[in-house]
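Remarks on the overall topology
Residue strings, one per chain:
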2 protein chains.
Amino acid sequence: MTNSQPLSFSEFSTTSLDPAIQSLLQGLPPSSFSILKADSTNITTLTPKRLAVCFSGGPAPGGHNVVLAIAKLCHNHHQLFGIIGGPAGLIKGQLKPLTVNDCLPYHNQGGFDLLQTDRTKIKDNSQLKAIKRVVKRFQLDAIIIIGGDDSHTNALFLAQALYSDTCAVIGVPKTIDGDLRYPPYLPISFGFHSACELYTKLVRNLICDTQSILKYWHFVKLMGRSSSHITQHVAHKTNPDLYFIGEQIAHDNIPLSAIIMQIGDTIIDASLHNKTYGVICIPEGLLEWVPDVKTLIESLNKHINLNDRSAILKKLSSSETALFASFPTYIQDQLLLDRDSHGNIQLSRIETERCLIHMVEAYIADLDPTFTLEAMPHFYGYEGRCTTPNAFDAQFCTLLGQVAGSLALHGYTGHMAAVDSITESYQAYGIPIADLLTIETRHNEQIPVIKKTIVTDF
Amino acid sequence: MTNSQPLSFSEFSTTSLDPAIQSLLQGLPPSSFSILKADSTNITTLTPKRLAVCFSGGPAPGGHNVVLAIAKLCHNHHQLFGIIGGPAGLIKGQLKPLTVNDCLPYHNQGGFDLLQTDRTKIKDNSQLKAIKRVVKRFQLDAIIIIGGDDSHTNALFLAQALYSDTCAVIGVPKTIDGDLRYPPYLPISFGFHSACELYTKLVRNLICDTQSILKYWHFVKLMGRSSSHITQHVAHKTNPDLYFIGEQIAHDNIPLSAIIMQIGDTIIDASLHNKTYGVICIPEGLLEWVPDVKTLIESLNKHINLNDRSAILKKLSSSETALFASFPTYIQDQLLLDRDSHGNIQLSRIETERCLIHMVEAYIADLDPTFTLEAMPHFYGYEGRCTTPNAFDAQFCTLLGQVAGSLALHGYTGHMAAVDSITESYQAYGIPIADLLTIETRHNEQIPVIKKTIVTDF
């Protein structure tokens, strides 16, 4: 087995940052703010390095290929450690040597089970101190974090914190949601296409079922957190009767009642043509884009510490009251009771597909009490995160692993690995994570987060 | 394009029927009660015939290959009609000529969309009369019904009714549920293996997800109506933490509380070993096998016409009352309110996976109020019925189509097409549907139905 040759890089262009963000990132070297471009003509021999790699956040197809590619880069020349259990494992120092042979059984396999993963956010000083101790103990020259947007925020601030320890931090863009991109250098994150392929197959099977037995309206919710990329992609491939893009709902300022009406009218119109079946696709994050739902949630969040149902409801405006009343009772309860650790409503916990079915049933019953809607809810998400990578992701991840490993071996820090295609003429880049940063208000705090790419071409 | 040669058959063995069943089937010829075996040495030239083929019941992968094989048998020598929209289409006379070219685009494709399907039961005289008119109008020599157990009951009584019209009726064993078999002549119905393959992939992906992110207990309900074949097959291939076979629950007389306890204890025990995740598979028909649930349902059905919640509940025994009270409120409401057209409780409408999650949560909360169960319900069913046939079903269906078409062209009636394998040395049979018949009590009526093959090897 021969190991692959690390790429070398040169500075390609610098980015101009928002001064507010720049001020948060003091201490990072100037190269951390430059786009790096791989430059294969400039091959140098590297001194032996000690790298560690971890998964962070939900699994996505292809992750194992990233790790194998890094292991191949390190083979015989550098020491690679696998961090077990994601960022929490890094904090706890759960590292073990990782060889090409360890990784080979996982080549082209879905899942993150080789190293496991978790969602721990690295935010406080005690965590950073613990990581510094781990870096020292294992004499790490670089840490590679394979993760999504929040993981890249982690990676950047870790890069800043570990710069004085001469430990670099590099990110690899992973997420099935498809909301972490940097075009044209990185057209998509890995995992998106494989997950979409599975969801497309499932939705296509449902559509075929309806066209075979001429029965049921299937309401299919598709994973993707806030952004509607997966729903859009699957809808473009399958042509369901109806689909919604959250970003478009917000852009066009469409209230929930109009969505219910559109679905209800589609179903009634179809039945007039003896079509009593169909498939409707909705993105996981739909409700957070619907303008009046958003306003209602903000009002509820503001008054939630009144801790008394009727007192809270009295604070709502008349339109908010009407919207609240239009939800099925169990959703109303969920809106008032189900809180996250910050006391906020957990919109993501609401089963939108079931909520819509209930509301559409009520809408139709108002128009025609004799109409029976045979509807089936589905949620496709978890079954796609660990599916086998398709040919694109398998190859894409191998390239991303080579790029990430090369950036790390060269000591670049604060970069995200990127390739612009998987064609033979692909170009590899190191993207300054800083350039993805933006300041967002979350729970009344100004915090730097990675900009999500949302759907804009609707 | 050459058309394939019809098989010829000879009587292989006769079956001895229950006299009660025999008496129901008067008028059918003796051959309808014999197992026929294909005999390739005895090739005869057949006079041109007019056949019609329809799908009946839910779709299953491979159905299109059955139809294509029949079309190839008929090509240039016989006239084939496709019946559009299942048994209802037969009654309405929705027939259209069907050629090999019509079928070719559907070769190896999932779904029943070439001809569509429905679930109409043929039971009354007006339906039979309508079909007789269609047979006359299209001068049909045979009708081939591709369907499951109920469709074969249809097929047999239709064979009896149409014998005087010299129109034969042949069945092709279809169902993903795997409960229509006649071993060793027919080890399985078509569609079972392809559907299981998809469900296996989805469950395997979920297991991989839990082993990657170490989170969530997934409760996966798998289609299959009463029988637990699909759940058993998927469980054998994926090794979930726990799975239930309805037939075993009934055999071992296990009450619902014991099932809840087993799940709850499994989850608690795992958490003691820091395992806070897993996958549990349950068959769609679980509840109807649980002995105390069955007794409760029978009691509720008996008293349901009291039409008053408290009056009905007063009629329950103390153990029935306790069981009823252990269900979540929305399931209690469903048990009291949701009725089929016969006024019976629709057990199949209960979302068992959600019901179990609620009951397990309650069980665990009793033992340890601080324990948080992060559970996710899934139901895999409809997405598997129209999936692409795998290599086995693709080949199996081609053979079944050849056998069914050959039986029909020879004028045999009341038989189900069967092949014992897809190896080169496969043997083809015509199975007397009569031999699959049994008398069952449904809604206080004694009715002849096809024996379902249930799971016995647990």
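Rules of the game
- Residues numbered from 1 in each chain as written.
- Chains lettered and ligands numbered in written order.
- Predicted model: local features only at pLDDT ≥ 70, side-chain atom pairs only at ≥ 80, totals over all residues.
- Heavy atoms only, no water.
- Phe/Tyr/Trp six-rings, centres within 6.5 Å; stacked < 30°, edge-to-face > 60°.
- Lys NZ or Arg CZ within 6 Å of the ring centre and 35° of its normal.
- Least-squares fit on C-alpha atoms with pLDDT ≥ 70 in both.
- Contact = heavy atoms within 4.5 Å.
- Domains from an automatic or database assignment.
- Salt bridge = Lys/Arg side-chain N within 4 Å of Asp/Glu carboxyl O.
- Polar contact = N/O pair within 3.5 Å; in protein donor to acceptor, adjacent residues only side chain to side chain.
- Nonpolar A, V, L, I, M, F, W, Y, C, P; charged D, E, K, R; others polar.
- Buried area = accessible area lost by both parts, 1.4 Å probe.
- Axes fitted to C-alpha atoms, helices over the stretch in contact; angles between N-to-C directions.
- Helix = DSSP H or I, 4+ residues; strand = E, 2+ residues; numbered from the N terminus.
- Parallel < 35°, antiparallel > 145°, perpendicular 65-115°, else oblique.
- Disulfide = S-S within 2.5 Å.
- Buried < 20%, exposed > 50% of the residue type's maximum accessible area, 1.4 Å probe, protein only.
- Pairing = 2+ DSSP bridges.
- Expected span 1.5 Å × (residues − 1).
- Arc of directions from axis to C-beta.
- Lys, Arg positive; Asp, Glu negative; His and termini not counted.

Our focus in this paragraph is the packing of aromatic side chains. Centre-to-centre distance and the angle between the planes together describe a pair of aromatic rings. Residues and elements named next belong to chain A. Enumeration over the complete set of coordinates arrives at 20 aromatic pairs over all chains. An aromatic cluster of at least three residues, connected via ring pairs, comprises Phe 12, Tyr 182, Tyr 185 and Tyr 429. Above the ring of Tyr 277, the side-chain terminus of Lys 275 is found at 4.8 Å from the ring centroid.

Another aspect to go through is the relation of the copies chain A and chain B. After a rotation of 180° and a shift along the axis of 0.0 Å, chain A superposes on chain B with an RMSD of 0.0 Å. The transformation just described matches what one would write down for a two-fold rotation axis. Taking the C-alpha atom as reference, chain A places His 378 of chain A closest to the rotation axis, 4.1 Å from it. Taken as a fraction of all interface residues of chain A, those also at the interface in chain B reach 100%, which identifies the copy contact as same-surface.

Turning to the domain arrangement of chain A, a few remarks are in order. All names here are of chain A. Split into domains, chain A comes out as domain 1 (9–191 + 389–450) and domain 2 (193–385). Computed from C-alpha coordinates alone, the two centres of domain 1 and domain 2 are separated by 35 Å. Counting residues at the interface gives 18 residues for domain 1, matched by 16 residues for domain 2. Between domain 1 and domain 2 we count 3 salt bridges in total. The salt bridge involving Arg 225 is made with Asp 179; its shortest N-O contact spans 3.2 Å. Joining domain 1 to domain 2, the criterion identifies 12 residue pairs in polar contact (both at pLDDT 80 or more). Split into classes, the residues belonging to the side of domain 1 that touches domain 2 amount to 7 nonpolar, 5 polar and 6 charged.

Contact residues are listed per partner, giving 34 residues for chain A and 34 residues for chain B. Approximately 2800 Å² of surface area, both sides summed, lies buried where chain A meets chain B, with 55% of it carried by carbon and sulfur atoms. Of all residues in chain A, the largest losses of buried area upon contact with chain B belong to Ile 213, Tyr 382 and Glu 383 of chain A, amounting jointly to 21% of the total for that side. Taken together, the connections running from chain A to chain B amount to 4 salt bridges. At the junction of chain A with chain B, the criterion picks out 18 residue pairs in polar contact (both at pLDDT 80 or more).

We now examine the packing of helix 12 (residues 291–303) of chain B against helix 14 (residues 318–326) of chain B. Helix-helix packing is described using two parameters, namely the angle between the two axes and the distance between the axes. All names here are of chain B. In the contact formed by helix 12 and helix 14, the axes pass within 10 Å of each other and the chain directions differ by 100°. Comparing the axis directions of helix 12 and helix 14 gives the class roughly perpendicular. On helix 14, the residues that touch Asp 292, Val 293, Thr 295, Leu 296, Ser 299 and Leu 300 of helix 12 are Glu 320, Leu 323 and Phe 324. Considered class by class, the residues forming the contact of helix 12 with helix 14 number 5 nonpolar, 2 polar and 2 charged.

Turning our attention to the environment of Ile 297 of chain A. Residue and element names in this part refer to chain A. Relative to the assigned elements, Ile 297 resides in helix 12 (residues 291–303). The sequence separation of Ile 297 and Asn 125 amounts to 172 residues, and the corresponding C-alpha distance is 33 Å. Those residues in contact with Ile 297 that sit more than four places away from it in its chain are Leu 335, Ile 345 and Leu 347.

What is meant by a disulfide is a covalent connection between two cysteines, made through their sulfur atoms. Tallying each qualifying case throughout the model produces 0 disulfides over all chains. Of all cysteine sulfurs, the one in Cys 196 of chain A lies closest to Cys 281 of chain A, which takes part in no disulfide; the gap is 11 Å. When its relative accessible area of 0% is taken as the criterion, Cys 281 of chain A is described as buried. Cys 386 of chain A carries a free sulfur, and the closest cysteine sulfur to it, the one in Cys 208 of chain B, is 4.0 Å from it. You can call Cys 386 of chain A buried: its relative accessible area is 3%.

Residues and elements named next belong to chain A. The parallel open sheet is built from 4 strands, whose spatial order is 9-10-8-11. Each end of this open sheet is capped by a strand with a single partner; those strands are strand 9 (242–243) and strand 11 (375–380). Relative to strand 10 (residues 277–283), helix 7 (residues 192–213) is tilted by about 155°, and along the sheet it contacts strand 8 (216–222), strand 10 and strand 11. Along the sheet, helix 10 (residues 256–272) contacts strand 8, strand 9 and strand 10; its crossing angle with strand 8, the most-contacted strand, is approximately 150°.

This next bit is on helix 6 (residues 149–162) of chain A. Here helix 6 of chain A spans 20 Å end to end across 14 residues, near enough to the 20 Å set by a 1.5 Å rise per residue. Helix 6 of chain A sits mainly inside the fold: 11 of its 14 residues count as buried.

A side chain of one charge can pair with a side chain of the opposite charge when the charged atoms of the two come close. A full pass over the atoms with the stated rule returns 22 salt bridges over all chains. Among the salt bridges present, the one from Lys 452 of chain B reaches Asp 149 of chain B, with a minimum N-O distance of 3.1 Å. A residue pair is termed long-range when its members are at least 10 positions apart, and Lys 452 of chain B in the segment after strand 15 (445–450) and Asp 149 of chain B in helix 6 (residues 149–162) qualify at 303 residues. Overall, Asp 149 of chain B belongs to the buried group, its relative accessible area being 3%. Among the charged side chains, a salt-bridge network with shared partners connects Asp 149, Asp 177, Asp 179, Arg 225 and Lys 452 of chain A.

This part covers the sheet that holds strand 3 (residues 50–55) of chain A. Residues and elements named next belong to chain A. In spatial order, the strands read 1-2-13-12-7-6-3-4-5; together these 9 strands make up an open sheet with mixed pairing. Whereas interior strands pair on both sides, the edge strands pair on one side only; in this sheet they are strand 1 (9–14) and strand 5 (95–97). For this sheet the average axis-to-axis angle between neighbouring strands, irrespective of direction, equals 30°. Sheet analysis places strand 1 next to strand 2 (residues 34–38), joined by 5 bridges and oriented antiparallel. Note that in strand 2 the partner of Phe 9 across the bridge is Ala 38. The sheet contacts of helix 18 (residues 391–409) involve strand 1, strand 2, strand 3, strand 6 (142–147), strand 7 (168–173), strand 12 (415–419) and strand 13 (428–432), and relative to strand 12 the element is tilted by about 140°.

Let us now look at helix 10 (residues 256–272) of chain B. All names here are of chain B. The first and last C-alpha atoms of helix 10 sit 24 Å apart over 17 residues, in line with the 24 Å expected at 1.5 Å per residue. Along helix 10, the residues classified as buried are Leu 256, Ile 259, Ile 260, Ile 263, Gly 264, Ile 267, Ile 268, Ala 270 and Ser 271. Seen end-on, helix 10 carries its buried residues on one side only, within an arc spanning 165°. Positive phi shows up at Asn 274, right after helix 10, with a value of about 60°.

Let us now look at the side chain of Asp 118 of chain B. Residues and elements named next belong to chain B. With respect to the secondary-structure elements, Asp 118 resides in the loop between helix 4 (100–103) and helix 5 (125–137). As a buried residue without a salt bridge, Asp 118 has its nearest oppositely charged side chain in Lys 92, at a separation of 6.8 Å. At 3.3 Å, the side chain of Asp 118 and the backbone nitrogen of Ala 88 are in polar contact. Within the structure, the side chain of Asp 118 is placed 2.4 Å from the side chain of Thr 120, a separation counted as a polar contact. Excluding residues within four positions of it along the chain, Asp 118 makes contact with Ser 56, Gly 57, Gly 85, Gly 86, Pro 87 and Ala 88.

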